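For reference, the chains in residue letters:
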Amino acid sequence: MVFNITSIKAASNGAWQGDNPLNYAFPLLIIQTVLVLFVSRSLAFLLKPLRQPKVIAEIVGGILLGPSALGRNKVYLDRVFPSWSAPILETVASIGLLFFLFLVGLELDLTSIRRSGKRAFSIAAAGISLPFVSGIGVAIVLRKTVDGAEDVGFPQFVVFMGVALSITAFPVLARILAELKLLTTRVGETAMAAAAFNDVVAWVLLALAVALAGNGAEGGPKKSPLVSVWVLLSGAAFVVFMMVVIRPAMAWVARRCSPEHEGVDEAYICLTLAGVLISGFMTDLIGIHAIFGAFVFGLAIPKEGVFAGRLIERIEDFVSGLLLPLYFASSGLKTDVAKIRGAASWGLLALVIAVACAGKIFGTFAVAMMNKIPVREALTLGLLMNTKGLVELIVLNIGKEKKVLNDEIFAILVLMALFTTFMTTPTVMAVYKPARGISPYTRRKLQSESSPISKDKVLRLLACVHGPGNVPSLINLIESTRATKKSPLKLYVMHLVELTERSSSIIMVHRARKNGFPLINTKKHRKGESQDRVSIAFEAYGQLGRVDVRPMTAISALQTMHEDICHVAEEKRVTMLILPFHKRGEEGDVEMENVGPGWRTVNQRVLKDAPCSVALFVDRGLGCGGQQTPGATSASVNIAQGVCVVFFGGPDDREALEFGGRMAEHPGVTVTVVRFVEKDGNGNDGVILKPTPDKCTDTNYSFSTAVMDRERELELDETAIAEFRKRWNGLSTYIEKKASNVVESVLSIGKGGEYELIVVGKGRFPSKMVASLAEHTAEHAELGPIGDILASSGHGVNSSVLVIQQHDIVHANEAPVSKVFSSEHQEGSTSTSYNASPMKENLVPSNLV
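The present account deals with the structure reproduced in this document. A quick note: this is a predicted structure, and the numbers were derived from the prediction, not measured. (Residues numbered from 1 in each chain as written. Predicted model: local features only at pLDDT ≥ 70, side-chain atom pairs only at ≥ 80, totals over all residues. Heavy atoms only, no water.)

Let's talk about the nonpolar core
Generally speaking, soluble globular proteins have nonpolar side chains that are buried together. Note the following rule: Residues grouped as a nonpolar core are buried Ala, Val, Leu, Ile, Met, Phe, Trp, Tyr and Cys residues, joined through side-chain atoms within 4.5 Å. Throughout, exposure labels follow a simple rule: accessible area from a 1.4 Å probe, protein chains only, divided by the maximum for the residue type, with under 20% read as buried, over 50% as exposed, and the rest as partly exposed. A helix here means a DSSP run of H or I that spans at least four residues, while a strand means a run of E at least two residues long, and both kinds are numbered starting from the N terminus. Should any heavy atoms of two residues lie within 4.5 Å, those residues are counted as being in contact.
Counting 146 residues, the largest nonpolar core has F307 and L413 as the members making the most contacts within it. Element by element, the count of residues in this core is highest for helix 9 (residues 186–213), at 15 residues. Residue contacts for L413: discarding those within four places in its chain leaves M161, A164, L165, V352, E392, L396 and L405.

With respect to the pattern of salt bridges
For the record, the criterion: The salt bridge criterion pairs a side-chain nitrogen of Lys or Arg with a carboxyl oxygen of Asp or Glu, the two atoms within 4 Å.
Evaluated as defined, the whole model comprises 14 salt bridges. Salt-bridge contacts for K583 lead to E779; the nearest nitrogen and oxygen are separated by 3.4 Å. Remark: E779 occurs in the loop between helix 26 (768–771) and helix 27 (784–791) and K583 occurs in strand 5 (residues 576–585); sequence separation between them is 196 residues. We classify E779 as partly exposed; its relative accessible area is 29%. Ionic contacts of the salt-bridge type, sharing partners, join the residues K490, D548 and R550 into one network.

Quick notes on a nonpolar patch on the surface
We count it as follows: Within the patch definition used here, like charges are joined within 9 Å and nonpolar side chains (Val, Leu, Ile, Met, Phe, Trp, Tyr) within 5 Å, considering only residues with over 30% relative accessible area and no salt bridge. Throughout, the Shrake-Rupley method with a 1.4 Å probe supplies accessible areas, and for residues the shown protein chains are the sole cover considered.
Side chains of L226, V229, W230 and L233 sit close together on the surface and give an oily, nonpolar patch of about 450 Å² of accessible area. Inspection of the secondary structure puts W230 in helix 10 (residues 225–256). Among the residues examined, W230 registers a relative accessible area of 59% and is labelled exposed.

Brief notes about the pairing of strand 4 (residues 547–556)
Selection rule: Here, any two strands with at least 2 DSSP bridges between them count as paired.
For strand 4, the tally of buried residues reaches eight of ten residues, placing the bulk of the element in the interior. Here strand 2 (residues 489–498) runs beside strand 4; their pairing, made up of ten bridges, is parallel. Residue pairing for strand 4: H495 is matched across the bridge by T553.

With respect to the environment of Y734
Keep this limit in mind: As used in this structure description, the phrase polar contact means that two N or O atoms lie within 3.5 Å; if the pair is within protein, one of them must be able to donate a hydrogen and the other to accept it, and residues adjacent in sequence are counted only when both atoms belong to side chains.
Along the polypeptide, Y734 turns up in strand 14 (residues 732–738). Counting along the chain gives 60 residues from Y734 to V674, while the straight-line C-alpha distance between them is 6.2 Å. Beyond its immediate chain neighbours, meaning those up to four positions away, Y734 contacts V673, R675, I721 and R725. Only 2.7 Å separates the side chain of Y734 from the side chain of E736, close enough to count as a polar contact.

Take a look at the structure:
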């Protein structure tokens, strides 16, 4: 069906009135958007194991939807992507592109470029100049080989080719670096600074290319050369105006939107979004593409304070998640791989890829070596700077829009961009692996067999937080173990920030200020730089007492966050790391808010791989009603007055007892140890536990499969209790309890209101009483049976809970279990056996229960 585009209507009257929605602009746009999102998201899911950035999936998805693949079916192409809909689709996509370039400008911190020094500047200069010069040679070859290439003026064609080969995609590179844990290594910092400089230069070169392209193609109507000069001068004046006038004005707006002025006013947000559109219109009026104005306006927004972050929160999901994929679809509809036909065309593709890679990699490598960067790091820099991605596609689309690039050259350059971006992650992983040597320290747990009570002078703890909501209770927990002169505390605080495709993740990189791989040092910050509220709170707390606090920020995807946590624990030689539970409550709350199931997976992986003891902190408003710490004059720091250590026996419980002993030193904390002992007559029960790996570990408790000496464990339990009572006599209370119902007895402690904090062991090597709970359905299996009882919903527990797992490689292997009953007992019995002899094959050794 042939359409006159001027007669196209926005909406149909509906199928009941005989209208086909696909013949109307708005319903068709909805179908196109849904299709684009489905294809791009599906490809992103498939490419995720290859650790490829989302932009790869979106580019491939656009090509698949275009004439290169699905578009070969003319019925599909005429129905879903008819020619009359192209201007509508491109207009909507261009709005998304406009705001995306604004976000890119927000991501770029000009001050970081100025701070980067001569090394990053020289690397960026070489990474631009050599590929640009190489692009001139490629342009000459293409003009002589590809039909129709000579119809375009030589200057503009050369500039477009040079920009296409020399550009580095800063947004894509930043996410690749973060994915590979290189974001804040020396290699990553240099690459980020060089790419930021490269990005700025690339947009200037693109503005030059657009200005020259406006001079007309060869054979067409000629325009005065002065037109290009006027365009460039007007563009320069626009940039100066934005930096001299608009930048201070936006700084004033940012100050008005600070927390001191009651947050961000909606009027300022709307004003800024209108500014993006006006800036785009002005550069389009000048003769430079509208996206250049949006990019410069983004640079003019101050990065400090909360204003930039609030802007990103308002627009990034809608722009990056919905509108930007439409841009790739419109690009894919212009890309026809079939135009590359014959050996000559495929040879040109190979030539373009080879020249682009060689120019960027060799130029960066040579200058990096001149700057005395090691060979492997220099090569890695070259590979990283070869990232193209989205920014490259923008350049190519503008070139095609301006008729500088024909269909065949456009397809060749799109495939080149796709190949160079795809190869970045695997080649960098193959070439460069940052050294992560194993630290020789041995103090990986609080409690030891030779000295149950730690005699170390310094206790090193690593405490992790998801955000400001974790801070008050965690400070109160740490304060309950506050250092004394004899036993000082060094506290590392790691703010865990999830890395996503969102621009706010990269903004966080600029704001994070702590050092230590893979982190950013926040100790030495520039004057006037906005500080993280988490860091401020802990640094203020460190000044109150004898606690050496080192805040830091880890930015990583949730799938690999545990690697960062475990690595820092290894690097900092910590004895215990404290993790926030994935649910959090307030004082007196019984129901707890789930802050994200992804964080539960992080905790599970840390528990499995941690190089030290681990404590999972189930927070129900710890210390909110406790007493204030003596000497806390400038801030309110409370402690948990009542602490209960629940002891059943085993390595994890002995570690919990050791932690409780540390808390008993505090003059404001009252520690009570409740030891559960077996009732008389249960010593010959006949139940054992059998490993059952096919059971789900999320709903079944896992226990250690290690062979251990039960008699030796009982001796260690008795020794630990004796040492605790001897050392803390008069400062703590010791209670022995014989319980017929373990669950009810434990819950009575949690619901009694006497204790604000209950400390328990995970129980991987369970006592007989804990083993009796092995087949209970678990709500939070990673907490162990006792911890899960206290943390689960519906039990009415008001106390916060600290579940401790002692570091010991002997317990590294765990498995869910099933009860196996001896022939001497009824099937319904819940008792367990303490046989000292070896067990049958495939059974957990008898010392387990």
